[in-house]
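What the coordinates show
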Amino acid sequence: MKSMLSVVLGLAVVGAFGAETIKLPAPDADSGVTVMQALKARHSERAFSDKDVPMDVLSGVLWAANGFNRPDKRTNATGMNKQTIMVYAIMKSGAYRYDAKENVLVKVCDADLRKAVAGAQSFAATAPVSLLITADVSDPVYKGNWSTLSHYDAGIVSGNIYLYCAANGLATVCRGTMDRDALKKALNFGDNIILHLNHPIGYPAVAISR
Ligand SMILES: Cc1cc2nc3c(=O)[nH]c(=O)nc-3n(C[C@H](O)[C@H](O)[C@H](O)COP(=O)(O)O)c2cc1C
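Procedures and definitions
Residues numbered from 1 in each chain as written. Predicted model: local features only at pLDDT ≥ 70, side-chain atom pairs only at ≥ 80, totals over all residues. Helix = DSSP H or I, 4+ residues; strand = E, 2+ residues; numbered from the N terminus. Buried ≥ 20, exposed ≤ 12 C-beta atoms within 10 Å, placed from the backbone. Contact = placed C-beta atoms within 7 Å. Near = placed C-beta within 6 Å. Nonpolar A, V, L, I, M, F, W, Y, C, P; charged D, E, K, R; others polar. pLDDT = per-residue confidence, 0-100. Expected span 1.5 Å × (residues − 1). Axes fitted to C-alpha atoms, helices over the stretch in contact; angles between N-to-C directions. Left-handed = near helix turned anticlockwise from the far one by under 90°. Core = buried A, V, L, I, M, F, W, Y, C linked by C-beta atoms within 7 Å. Pairing = 2+ DSSP bridges.

Looking at the overall build of the chain
Within the chain one finds six helices and 10 strands. Taken across its 210 residues, the chain has 40% of its residues classed as buried. By sequence separation, contacts in the chain at least 24 residues apart represent 73% of the contacts at least 6 residues apart.

Okay, structure coming up:
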């Protein structure tokens, strides 16, 4: 049976600059449970079912991660409001940059990089999607005393992802593990891009009872 994800991926279009883009559904701000219930349910999960993540859910988790909740500010706080975090969705069909302003995924690589994201932890490659949390630290502010600022920013994005997943019955785990060299090469990242963390995301292999 064709999954919802595959169906929606079929709607990918070629954007203004020639890149393949996927228009995401508007995030559903009414989905989920209360913040207290999400905090109660939050945990790390490392076994995923083979069920795909539907596009409306992917849209929701990306928005929670670092979407815009005001015209020029985001769901995630950033030191000095630098908004330097960029999230990538790594899926079987390729790697996509989340363009939060346009609410689209922009394809940046045709290859399935889930094994590179998994690195030494093969379980992570079984998740249908991994969110890769990166930061562009080319701004001079990230030199010297503030060199760790984007690390904190990445942690906040991870927390948002955990809460969305807990509130919406998704399995995830924050990971520092990944094959950074393989990802940097495949995604054509220069030295100014830090690969901070990643979150494999899917439905739990065993249903979670709340
Ligand atoms: C910065 C950070 C890096 C982590 N890296 C990994 C990792 O590489 N692999 C992994 O399986 N879990 C990783 N974890 C998840 C922790 O192991 C997990 O949060 C911890 O065991 C507590 O479990 P809980 O999240 O269910 O409360 C990481 C967590 C954080 C915050």
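Some thoughts on the site of the ligand
As a structural note, the neighbourhood of the ligand is formed by His43, Ser44, Arg46, Gln121, Val173, Cys174, Arg175, Gly176, Thr177 and Leu197. Here the residues of the shell around the ligand are counted per class, giving three nonpolar, five polar and two charged.

Observations regarding the confidence of the model for the chain
Summarising the model, the chain shows a mean pLDDT of 92, and 90% of its residues fall at 70 or more. This stretch, residues 1-10, has a pLDDT under 50; its non-local contacts, to residues over four places away or in other chains, come to 13 contacts.

A few points about helix 3 (residues 55-66)
Counted at 1.5 Å a residue, the expected span for helix 3 with its 12 residues is 16 Å, and the 16 Å between its end C-alpha atoms agrees. The element helix 3 is extensively covered by neighbouring structure, given that 10 of its 12 residues are classed as buried. Buried within helix 3 are the following residues: Val57, Leu58, Ser59, Gly60, Val61, Leu62, Trp63, Ala64, Ala65 and Asn66. Where the residues of helix 3 are buried, they touch strand 4 (73-74), strand 5 (85-91), strand 6 (94-99), strand 8 (129-136), helix 5 (149-167) and strand 10 (193-202).

Brief notes about the packing of helix 3 against helix 5
Helix 5 packs onto helix 3 with a crossing angle of 145° between their chain directions and a minimal axis gap of 7 Å. You can see that helix 3 and helix 5 cross each other, and the crossing is right-handed. Contacts between helix 3 and helix 5 pair Gly60, Val61, Ala64, Ala65 and Asn66 from the former with Val157, Asn160, Ile161, Leu163, Tyr164 and Cys165 from the latter. For the contact of helix 3 with helix 5, the per-class residue count stands at eight nonpolar, three polar and no charged.

A look at the nonpolar core
Side chains of a nonpolar character, in soluble globular proteins, are inclined to be buried together. By size, the foremost hydrophobic cluster in this structure holds 54 residues, and its most contacted members are Val61, Val87 and Ala89. Residue assignment for this core shows that the elements contributing at least two residues are helix 3, strand 5, strand 6, strand 7 (104-109), helix 4 (114-118), strand 8, helix 5 and strand 10. Considering every element that reaches this core, the biggest residue donor is helix 5, with eight residues. Once residues lying within four places of it in the same chain are set aside, the contact partners of valine 87 are Leu62, Ala65, Asn66, Tyr98, Leu131, Leu132, Ile133 and Val157.

A short note on helix 5
Under the 1.5 Å per step criterion, the end-to-end length of helix 5 is 28 Å for 19 residues, consistent within 8% with the ideal 27 Å. Within helix 5 the residues assigned to the buried category are Ser150, Asp153, Ala154, Val157, Ser158, Asn160, Ile161, Tyr162, Tyr164, Cys165, Ala166 and Ala167. Among the structural elements, helix 2 (35-41), helix 3, strand 5, strand 8, strand 9 (171-172) and strand 10 are those in contact with the buried residues of helix 5. Immediately downstream of helix 5, the backbone of glycine 169 shows phi near 70°, a positive value.

Examining unusual backbone geometry
Most peptide bonds adopt trans geometry, and most residues besides glycine take a negative phi value. Of note, the phi angle at asparagine 81 is positive, near 50°, even though the residue is not glycine. Among the structural elements, asparagine 81 can be located in the loop between strand 4 and strand 5. You can call asparagine 81 exposed: it has 10 C-beta atoms within 10 Å. At glutamine 83, a position not held by glycine, the phi torsion is positive, near 45°. For glutamine 83, the position within the fold is in the loop between strand 4 and strand 5. Overall, the presence of 17 C-beta atoms within 10 Å leaves glutamine 83 in the partly exposed class.

A look at the pairing of strand 8
Judged by how many residues are buried, strand 8 sits mostly within the fold: seven of eight residues are covered. Examined bridge by bridge, strand 5 and strand 8 share seven bridges and lie antiparallel to one another. Counted as the bridge partner of isoleucine 85 is alanine 135 from strand 8. With eight bridges joining them, strand 8 and strand 10 adopt antiparallel strand pairing. Directly across from valine 129, in strand 10, lies its bridge partner isoleucine 201.

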